[in-house]
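As a plain string of letters, each chain reads:
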Amino acid sequence: MRSFYHYMMRYRGLKQPTDESRLADWMFEDHDFPKHSASYDEISRYLEWNVPFVEAVQVFDKLWDDYLVNS
């Protein structure tokens, strides 16, 4: 299974930013993000401690289900 980070890179760099693209861009810029992880708990904990914007955890939860289906 590929990492969640790898899955999220499809959302990077949109001309009209969305919450998904904001999260992906932040993940790309954050050198400490667990980029090789496929663990919900690890990524969720990291986001809760380093929340980049208010809706980030909710966006992550929504995208996690799609990640599981499409990875």
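What comes next is a walk through the structure. Throughout this description, residue numbers start from 1 for each chain and increase along the sequence as written. Selection of residues for local features in this predicted model requires a pLDDT of at least 70, selection of side-chain atom pairs for listing and counting requires 80 or more, and totals for whole chains, interfaces and linings are taken over all residues. Note: side-chain values were computed over all heavy atoms of the structure, leaving out hydrogens and water.

**A look at the packing of aromatic side chains**
- Whether two aromatic rings pair depends on their centres lying within 6.5 Å, for rings of Phe, Tyr and Trp, where Trp uses its six-membered ring; planes under 30 degrees apart make the pair stacked, over 60 edge-to-face, and the rest tilted. For the structure on display, the rule yields 14 aromatic pairs.
- Ring geometry for Phe 60 against Trp 64: centres 5.5 Å apart, planes inclined by 55 degrees, an arrangement best described as tilted. Of the two residues, Phe 60 and Trp 64 both sit in helix H4 (residues 56-70), 4 residues apart, roughly one turn of that helix. Trp 64 shares its class with Phe 60; the two are buried.
- For the pair Trp 64 and Tyr 67, a centre-to-centre distance of 4.8 Å together with 50 degrees between the ring planes defines the contact as tilted. Of this pair, Trp 64 and Tyr 67 are both found in helix H4, 3 residues apart, which corresponds to roughly one turn of the helix. Per residue, the accessibility class of Trp 64 equals that of Tyr 67, and both read buried.
- Each member of the aromatic cluster is reached from another via a ring pair, and the members are Phe 4, Tyr 7, Tyr 11, Tyr 40, Phe 60, Trp 64 and Tyr 67. A helix here means a DSSP run of H or I that spans at least four residues, while a strand means a run of E at least two residues long, and both kinds are numbered starting from the N terminus. To sort residues, take the accessible area from a 1.4 Å probe on protein chains only and compare it with the maximum for the residue type: under 20% means buried, over 50% means exposed, and anything in between is partly exposed.

**Quick notes on the side chain of Ser 21**
- Of note, Ser 21 is situated in helix H2 (residues 19-29).
- Between two residues, a contact is recorded if the distance between any of their heavy atoms is within 4.5 Å. The contacts of Ser 21, once residues within four sequence positions are left out, are Tyr 11 and Leu 14.

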